Every structure is written in structure tokens, then in C-alpha cells.
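Structure assessment
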Amino acid sequence: KAEAAAAMKAAITANAAALYNTSTDHFIGPADAPVTIVEFFDYRCGYCKRSVDYVQGLPKKYNGKVRVVFKEYPIFGGISETAALAALAAGNQGKYNEMHIALMGLKSNDDLTEKKIDELAAQVGVNVKKMRADMKSVTLQKQLNDMQVLGHALDLGGTPGFYIGDEHVEGANL
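Cut-offs and rules
- Residues numbered from 1 in each chain as written.
- Predicted model: local features only at pLDDT ≥ 70, side-chain atom pairs only at ≥ 80, totals over all residues.
- Heavy atoms only, no water.
- Helix = DSSP H or I, 4+ residues; strand = E, 2+ residues; numbered from the N terminus.
- Rg over C-alpha atoms; globule rule 2.2 N^0.38 Å.
- Buried < 20%, exposed > 50% of the residue type's maximum accessible area, 1.4 Å probe, protein only.
- Contact = heavy atoms within 4.5 Å.
- Areas by Shrake-Rupley, 256 points an atom, 1.4 Å probe, with all protein chains shown as cover.
- Expected span 1.5 Å × (residues − 1).
- Bend = angle between axes of the 7 residues up to and from the residue.
- pLDDT = per-residue confidence, 0-100.
- Right-handed = clockwise from strand over helix to strand, strands pointing away.
- Pairing = 2+ DSSP bridges.
- Phe/Tyr/Trp six-rings, centres within 6.5 Å; stacked < 30°, edge-to-face > 60°.
- Lys NZ or Arg CZ within 6 Å of the ring centre and 35° of its normal.

Our focus in this paragraph is the overall build of the protein chain. Helix and strand content of the protein chain: eight helices and five strands. Written out in order from the N terminus, the α and β elements of the protein chain read α-α-β-β-α-β-α-α-α-α-α-β-β. Relative to the 2.2 N^0.38 estimate, which gives 16 Å for 174 residues, the radius of gyration of the protein chain is 16 Å and therefore close to what a compact globule would have. Across the 174 residues in the protein chain, those meeting the buried criterion constitute 47%. Of the contacts formed within the protein chain by residues at least 6 apart in sequence, a portion of 76% connects residues at least 24 apart. As presented, the protein chain carries roughly 8800 Å² of accessible surface, and 54% of it is formed by carbon and sulfur atoms.

A separate point is helix H3 (residues 46-61). Given a rise of 1.5 Å per residue, 16 residues ought to cover 22 Å, and the 23 Å separating the end C-alpha atoms of H3 matches this to within 8%. Maximal helix bending in H3 amounts to about 45°, located at Val-52. Turning to H3, its buried residues number three or more, namely Cys-48, Lys-49, Ser-51, Val-52, Val-55, Leu-58 and Pro-59. Looking at the packing, one finds that the buried side of H3 touches strand S1 (26-28), strand S2 (35-41), strand S3 (66-72), helix H5 (96-104) and strand S4 (161-164). Positioned one or two residues after H3, Asn-63 has a phi angle of 50°, which is positive.

This next bit is on the confidence of the model for the protein chain. For the protein chain, mean pLDDT is 94; residues scoring 70 or higher make up 99% of the total. By mean pLDDT, strand S5 (residues 167-170) is the weakest element of the protein chain at 87, and helix H7 (residues 128-135) is the strongest at 98.

Another point: the pairing of S2. Within S2, six of the seven residues are buried, which leaves the element mostly enclosed by the surrounding structure. Where the polypeptide runs from S2 across H3 and back to S3, its parallel neighbour, the crossover connection is right-handed. As defined by bridge partners, S2 adjoins S4 across four bridges and the pair is classed as antiparallel. When the sheet's bridge partners are listed, Glu-39 is paired in S4 with Phe-162.

Following the sequence through the fold, Thr-22 ends up in the loop between helix H2 (16-20) and S1. Distance from Thr-22 to Phe-41, taken between C-alpha atoms, is 17 Å for residues 19 residues apart in sequence. Apart from residues lying up to four places away in sequence, Thr-22 is in contact with Ala-17 and Lys-71.

Moving on: the packing of aromatic side chains. Applying the stated criterion across every chain yields a total of five aromatic pairs. Considering the side-chain rings of Phe-41 and Phe-70, the 6.2 Å spacing of their centres and the 85° angle between planes classify their relative orientation as edge-to-face. In this pair, Phe-41 is assigned in strand S2 and Phe-70 in strand S3, connecting sequence segments 29 residues apart. Phe-70 carries the same exposure label as Phe-41, and that label is buried. Looking at Arg-50, its charged tip hangs above the ring of Tyr-47, at a distance of 4.7 Å from the centre. Across the ring face of Phe-27, the terminal group of Arg-67 is positioned such that the distance to the ring centre comes to 5.2 Å.

Let us look at the pairing of S3. The buried count for S3 comes to seven of seven residues, which makes it a mostly enclosed element. Side chains Val-66, Val-68, Phe-70 and Glu-72 of S3 all project onto a buried face; the interleaved residues Arg-67, Val-69 and Lys-71 project onto the opposite face, where all are buried too. Across three bridges, S1 lies against S3 in antiparallel orientation. Residue pairing for S3: Ile-28 is matched across the bridge by Val-68. Looking at chain direction, S2 and S3 are connected through seven bridges and run parallel. Each bridged residue has a counterpart across the sheet, and for Thr-36 the counterpart in S3 is Arg-67.

Put into C-alpha cells, the structure is as follows:
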């Protein structure tokens, strides 16, 4: 266990810049907050859905001293990847967090469909046609791929996965 913990800390240190300081990442809370929490998640992950209210409340709970960075990690593939790209594309329109919350708000994974993604995007004020075009862009495809590569480099086995400093907190551990 000690060796595994040391390897995890080494992986976090080796990937700290990509983990905590990627300019394309979406986040809530002050950009200059003294504490940054990174969450890797999947829109079809039940534990991620149950954590969303808690995670969204962290900057306020800690009086603006916490920034939460979101890393798309669609481990379930398929529609999870489509939803991740939709959220990133919504971010191009300044609506990332609204889309993130809307996608997380779906109670059943069966509700996560192409049609529902478009409906949610329209409801939060996203231009759906532009979102769909952006989802196909090399830039967003690379951004999503980079997040997945980072998750693998950190040996992240599931979602949610949280990182604070050189610590990894596995699962929905409040």
C-alpha cells in the first residue's frame, strides 16, 4: 500500500501542470483560489451525479478559497463521450457549468440520448447547431483526449476521482 501511495503521489507530481493548470479547463470558484480540487467524472456515473450539488457548493462553503476544476473522463464511452463533447462545446459559448449541471441532473442513464443532449443545451441557452459543429472540432476532440490521457497517466480507475494537492480521493467521498 505504501508503494502504491508513493507511486500515486509521484504520478500526481509528474502531471501537476496538466492536472491543475490547463488553460482550457472549465472551473468554478476564483481562478486564484489557494486550494484547487480537480474532479474527473462521467455523465453516466451515478456517484458523480450524487456528488454534483456538494461539488458545486465547495467554493461558497469555503468562502471563495476553493476552485473546482472539471475533467471530462467518459469511462463508459459512447453517449458519455458525446455528452462530454457537448459540455465542452457549450463551454465555447460560456455555458459549460450550466450544461454540466443539466447533464448531471438526468436521473436515469437511459435519458442520456443525442436528442436529450440537444434539448438540455437549448434549455440552458446554448446554440445547438454551433455546439454540434464544435463537438466535431479537432480542438475539442484533442481537449477530451488529453483529459483521458491524463486520467490514464494518473492510473485513475473510476469516477468520480478527486485530486487535491498531491492527494487522490477515490469515489464520492465527501
